[in-house]
Structure formats: C-alpha cells, structure tokens
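# Architecture and fold: a report
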Amino acid sequence: LTPLTTREGSGFKFLASQDGTSVKISCNDANGDNVISESLSLNAGGSDFKIYPKTYWCFVESNRPILVVTISLGYTYDAPITESNLADPFMLMIPPLGQLSNDYTLVFSQSDAIGSFNDAVNFVPQINFIVPVADFDRGELILNNGAEDTSSINFIAIHDSSGEVAAYGAQFVPDVDPTAPTSPFSAQFSGSGTTLGVLVYAWYRENTYGYPGGMRVDSIAVPIYCPISEPQPVGSETSGEILVPISRTGVVEGEACVQFEVGNGTAIINEDYRVEDDMCCFEAGERTTECRIVVIADGDAEEDETLHFKIVPTADNCVCDDNLVVTIIKDVQPIMVEFGAIRYRVDEDAGTAELELVASAPAPAGGYSVDVSFTDGSAGSPGDYDSTAQTVNFPAGATTATLSVPIVDDELLETHETFDASLALPDGTPFQVVLGRRDEAMVTILDDEIAEVHYDPASYEWNESVGTGNLTIVSNVTSTVDYSVNTVLSNGTAYGGLDFVNDAAYYQATFAAGSSSAQVGVVIIDDTDIEEDEMFEGMLVLGDLHPDLEGRVVIGSPDTATITILDNEPKDITVQFDQTEYSVAENGGFVSLQLIADKPAPVGGYSVMISFADGSAAGLQDYDNMSLTVFFDEGQTTATADVKIIDDTILERLETFTGQLSLPEGTADFIKIGPRDTATINITDNDAVEVNFD
C-alpha cells in the first residue's frame, strides 16, 4: 500500500474469498520506522476497511487470496469543490506481487481531458514504485530509458509483520506538461527476473484518477499451497508414518516442491517422530500431494501425542497460514532389546565370556537379529580377546539370547583388563524392535597368573670396596605392568650405619613391565679397619600393590639373602718376642717380656699366650711358671708380659727357663706368630758364700 500525497489519507478495503483468511498489515512512516502492526480475520465474502495517513507505506500479507482496493480521500470529504478541496475520491485496485512485471509504459491524461479546468499548474501526476527486497540489489530503476535522473529518488524500507524488510518503496513526480501532445512514459527495473510495482496517481481540480502500472490477469505465477485439514491427519506406531495431504491452487502445469516444518506438541521430535525429507513435491498437473513424517515406536506407555505441521512460505509462493495439528496414535509397545547387565566379569582361563541379551517381549514371527561390535579398552584384540563382530539371533518367541566372546589365557601377570561391547540393529529389523538403555556393556577379564618372587642367588659376597651391591629378585612370570617388592635389612656381624647403609625401613625393587627380575641396591661402607669378614641379611616383604595384583604377588623361597662383606685391608699380622734372650737378677722381682707386631691390632684386638718351660731354673722355685695371656688392644703394635722371679737364699749358678708364644683357639687367621716365638730368660743368682779358714 503506497501513500497518496496532498490527501489527508487513504482508505483501504480488504475482501476475502475463503473462510479462515488471516491478513497481517505492517506500516512504516516516511522515515522507514514501523508504526503500525495489526491483523484482520475474515471469512469468505467478508471485508474490512482501514484508513492510514497519507505518508505511510504498508506491507500486506495474507494466508489466502484477497482483493485489496484503495480509496483516495479528499481534504474534506463532502464539501463543495474549491481551491482547497481539489478532487473527488477514487478507487484503485492493488494487485499482489505475483501480478507485477518489471517493464511498464505509462500515459498521463492530455490537456483536453481537463475540460473546463484547463489549468496546467494544478495538474500533478505521481508515480509510486515498489521493489521486493530480494530484487532490490539486483538491478536499478530506469525511467524514460535513462533520460530521467533517478539519483534523487529515495527508497523507503517497508517491513513485514515479523519486522523484517520485505520491500522498498519510493515516490516520483514526473515533469509532465498536460498541454503537450500525449507521449508515453517508461519505467523499468533492470535485472533478469526482477519485479517492479508501479501505481500511478494524478489530480487536477475536481478530477482525480489512479491505476496500477501493470496487472497480469491471465495467470498469476505464484501458486497457493494449503494443508488439507479434513479429515485430520493421523499416524500410528504400527504404520510408522504420517502422510499429511496438501493442495495447490493457481498454476499447476509444472512440477513443484514446497518445504514444510514441524513443531512439538505433546510429541517430541527425534523421540516420537522425525523428518527425513522436509520437501513435498507435486507432479505436473497435480493439485494434491502428501508430506511424510516418520513415527518412532519408542515403547513408552503413554497417551496419543500431537505435533504441528506448517508449509514454509517463500518469495515464489503463497501459503495458507494454517498450523495444522497432527496426531500420533500410540498403538504399539516396542520390543526393547539390551544387555542383561552393563558390566560382566570373566576369569582369564574361562575360555569365553558369556554375555546375555534380554528383550522386553517375545520376538515377533520371523524373529530378528542384533549386531554386536567390540571396542578395545585396556584389553586388546587379539592378544586378550577376539573382537570379531557377531550377530545374535532372537527366533520367534525368544526373550533372551547369549553371546560368547573368546577370551585368551596368556601367561602374563596383568591388572584386570576391559573391553566394551555395543549393540546395533541391522537394516530390515522389525520397526517395533528398539534398543534399550543398556545398549553398551563393559567386560572385565580377571587375570589368573600368580607371581612368586624370591632371591636368586640367596648368598652374596661383596668386597668392602664394592660401593653398592645388588640383590637380585626373580619372578616366575613376566608382567605387563610395573610392580614392586621390598627388602628389609638386618644386622649380623656387620652393622647398619657402620658396615652398610640401613637408614630406611625398607628398600624397594621394581619389576618393570616385560621383565621377570628386579634388583635392589645396598650401599656398603668402606672403612679402614682390619677386621674379619662380616655378615648381614636381607628379607623380602610385600609392599603396596595395585588393587588388581593384591593376592597375586607372593613371597617364595628363598625369601632371605645372606650378604658377606669381605674386608679389603691387608690382614696378616705377625707377632713375636722383640728379642730371643732376657736377663734378670734373682732379686729383680719381675722380668718384662716385650711382644711386638708388625701391624696395628684390628678392631676388637686380639690376644697371645705365653707358656713356660723349665731349664736349669725350676718353676715355682725360681719363677712363676703360670701361662700368661697378653692382649693387643685395637691399634696397638707392642705389648708387655711380666714374669715373677723367686729370690731364694741358695747359692746357685746361672739358671734359665724359656717362654713359648702361641695363639688362643678362635684367633683370626690373619694373626700369625713370627720366627722369634721362643725366648730364653737368664736368672743371675744374688747369693754369696763367705769362706774362712777355721
């Protein structure tokens, strides 16, 4: 609807040809701002009349064919014709877009048509142009084959009822001399297939006229599509589909397709129904066709459900704005098939894992099948199980079926391993068979190997200078995962902190994946002491294990390792008398025997025994012949033994006895007696005899 300048406004009459006609009107002012949005509801033969200001541009949409006419209103509708009341009303039919072209030749009234009012000054023609938004950027307005300057023509945006720009409108007042001979005035919009609407309006004194620039009446190119609502379309879970009939009027000679859309009512898309193809197509000459909606048998016990159906309008067609309600009849309870459990456990040596499939109702005549596929988790195929896809059959009447999956019993110590099984329905499955919620299951393979660990060897000899010695622990199986055992050290003749490092509660040995042996290092302390070889022990104990390995790693035999530390200091120590002969006066009291060693005494020291043998001196008469034990403390190289001398009153010659060195039983092997193992002790008599002549 376009504005008619110099008038107070325009009246518009809307006439309906069918029941259920809905008309939407959206008007913009001269600034392009939307100022009016309203709707009309009409039945066949009904009409309504609206008056809009003279500067408004309006866009009209209707779901069914309507006739629209505009009635020009004078300044004062019933006053005498004066200079300020220029003309009578007129009626102008407004064609729909489908009847417009894009190339027009217009002719304005000649001067002799003015009659007694031969007044060129008051003769004012006006042309209103309308261009659909889809064509606006595809061409340009051309007047009089380009002779007219169109740069000053300002197009105004016209919005539809949704607020979107639907078209552009502009006014143009041509410079026409009514006294001149009649000459055609051309208007075109360039661009192939574009549409240009032209409405001509002119006034002069009491005469006013208006006409559309062009109006094709032979055949409107835009067809009208409508869903057929009687009877109401229904579908069921048994049929698996809903076929919604639609019709078309207007041009039906060619093939045509329209798009439809659906909306949820109580039925939910992709749960209760789905659309696989949202296009409905007519063969040439067809006036009706059907749109298909797929019904999903969901198995829920529920009431009949509804959804909404609507044809999608485009720039190339018109549609009935019917929101058709479609009903789904819930007449089938589906058969839900699923795993009997979502988790299964199987021993590795069981041979197969038996997975049960269950159905909510007996299989129909002819039965059906279910495809099962497998996906590796921590278990892999073919090393742990056979992942070959399988098909499980449910014969007629069956509610359960069993699937056997081969399990591989290897010789590896492993954590429990898993794989997944998934269900799918093959093509051609009866429509009432659906997958339940348990369409996936996880299978856990319980490993059956037992790892027995022990020391090998059980005895070790390490030189004191070894630094770190390694205890070797072996297992009877290889593992696919790391696990650890512990060694606890205990003192023997070797002491922790002095001879070896033992500053932790235990020392850990790790069996790496793929290995059947592990080692634990023990640090040996290299001292400078001369000492005997020393011994300590290591004992195997279990530590923290992966939960799957609890009870499957055990301590075998031997569980104790004996470690001997070989002292690395020079060992042979030679001890002997410092001389082979000692002299003492009878009244000297003691004779001191000096023992010497060529190396300092080791840690703990050692002792040497001296035994005595009579010579001319007699034990207990001339000396104390009790054997003596002489002790060398750690680090000593000399020691002294004192032998008591007995002073008698007998006049005697020089007397002697001997001392013999020996080692006590249990003395370390590296203590040796040197070549001066015997010493002679001389006792000089101190008595005198006085001889007198008598």
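For the structure, check the block above.
Residues numbered from 1 in each chain as written. Predicted model: local features only at pLDDT ≥ 70, side-chain atom pairs only at ≥ 80, totals over all residues. Heavy atoms only, no water.

## A few points about the sheet that holds strand β8 (residues 103-106)
Selection rule: Note: two strands are recorded as paired if DSSP finds a minimum of 2 bridges between them. In DSSP terms, a helix is any run of H or I states spanning at least four residues, a strand is any run of E spanning at least two, and both are numbered starting from the N terminus. Where helices are involved, their axes are fitted lines through C-alpha atoms of the stretch in contact, as for all axes, and angles between N-to-C directions lie from 0 to 180°.
Pairing in this open sheet of three strands is antiparallel, and the strands run β8-β13-β10 from one edge to the other. Looking at strand neighbours, the two that pair on one side only are β8 and β10 (141-143), the edges of this open sheet. Neighbour-to-neighbour, the strand axes of this sheet turn through a mean angle of 15°, independent of strand direction. Bridging between β10 and strand β13 (residues 185-189) involves three bridges; their strand directions are antiparallel. Looking across to β13, one finds that Leu141 is bridged to Phe189.

## Overview of a negative patch on the surface
Worth spelling out the cut-off: In this scheme, patches are assembled from residues that exceed 30% relative accessible area and form no salt bridge. Like charges are connected within 9 Å, while nonpolar side chains (Val, Leu, Ile, Met, Phe, Trp, Tyr) are connected within 5 Å. To be clear on the numbers: accessible area is Shrake-Rupley with a 1.4 Å probe, and residue cover counts the displayed protein chains and nothing else. Any carboxyl oxygen of Asp or Glu that lies within 4 Å of a side-chain nitrogen of Lys or Arg is treated as forming a salt bridge with it. Charge counting follows a simple rule: Lys and Arg are positive, Asp and Glu are negative, and His as well as the terminal groups are ignored. The atom standing in for a charge is NZ when the residue is Lys, CZ when it is Arg, CG when it is Asp and CD when it is Glu. Categorising residues by exposure relies on relative accessible area from a 1.4 Å probe, with only protein chains included: less than 20% of the type maximum marks a residue as buried, more than 50% marks it as exposed, and the intermediate range marks it as partly exposed.
A cluster of acidic residues, Asp347, Asp349, Asp409 and Glu411, forms a negative patch at the surface. In this fold, Glu411 is placed in the loop between β31 (400-406) and β32 (412-413). Relative accessible area serves as the criterion here: at 69%, Glu411 is assigned to the exposed category.

## Considering the pattern of salt bridges
For the structure shown, the criterion picks out eight salt bridges. Close ionic contact of Glu276 with Arg292 constitutes a salt bridge, the shortest N to O distance being 3.4 Å. Within this pair, whereas Glu276 is found in the loop between β20 (273-274) and β21 (279-282), its partner Arg292 is found in strand β22 (residues 288-295), the two being separated by 16 residues in sequence. Between Arg552 and Asp447 there is a salt bridge, with the nearest N and O atoms lying 2.6 Å from each other. In this pair, Arg552 is assigned in the loop between β43 (534-542) and β44 (553-555) and Asp447 in the loop between β35 (440-446) and β36 (451-455), connecting sequence segments 105 residues apart. Grouping residues by exposure puts Arg552 and Asp447 together as buried.

## A few points about the side chain of Arg552
For the record, the criterion: Polar contacts, as counted here, are pairs of nitrogen or oxygen atoms within 3.5 Å of one another; within protein the pair requires one atom able to donate a hydrogen and one able to accept it, and residues that are adjacent in sequence qualify only if both atoms are side-chain atoms. Residue contacts follow a heavy-atom distance rule, with two residues in contact if any of their heavy atoms lie within 4.5 Å.
Taking relative accessible area as the criterion, Arg552 reaches 8% and is therefore assigned buried. Within the local environment of Arg552, its side chain forms a polar contact with the backbone oxygen of Glu414, the two atoms lying 2.5 Å apart. Here the side chain of Arg552 touches Asp447 through a polar contact of 2.6 Å, side chain to side chain. When sequence neighbours within four positions are dropped, the list of residues in contact with Arg552 reads Leu413, Glu414, Thr415, His416, Asp447, Asp448, Glu449, Ile450 and Ala451.

## A closer look at the side chain of Asp622
By the element assignment, Asp622 lies in the loop between β49 (606-614) and β50 (628-632). In this structure the side chain of Asp622 is engaged in a polar contact, spanning 2.7 Å, whose partner is the backbone nitrogen of Ala618. Beyond its immediate sequence surroundings of up to four residues, Asp622 is in contact with Ser616, Ala617, Ile645, Ile646, Asp648, Glu652, Glu655 and Ile683.

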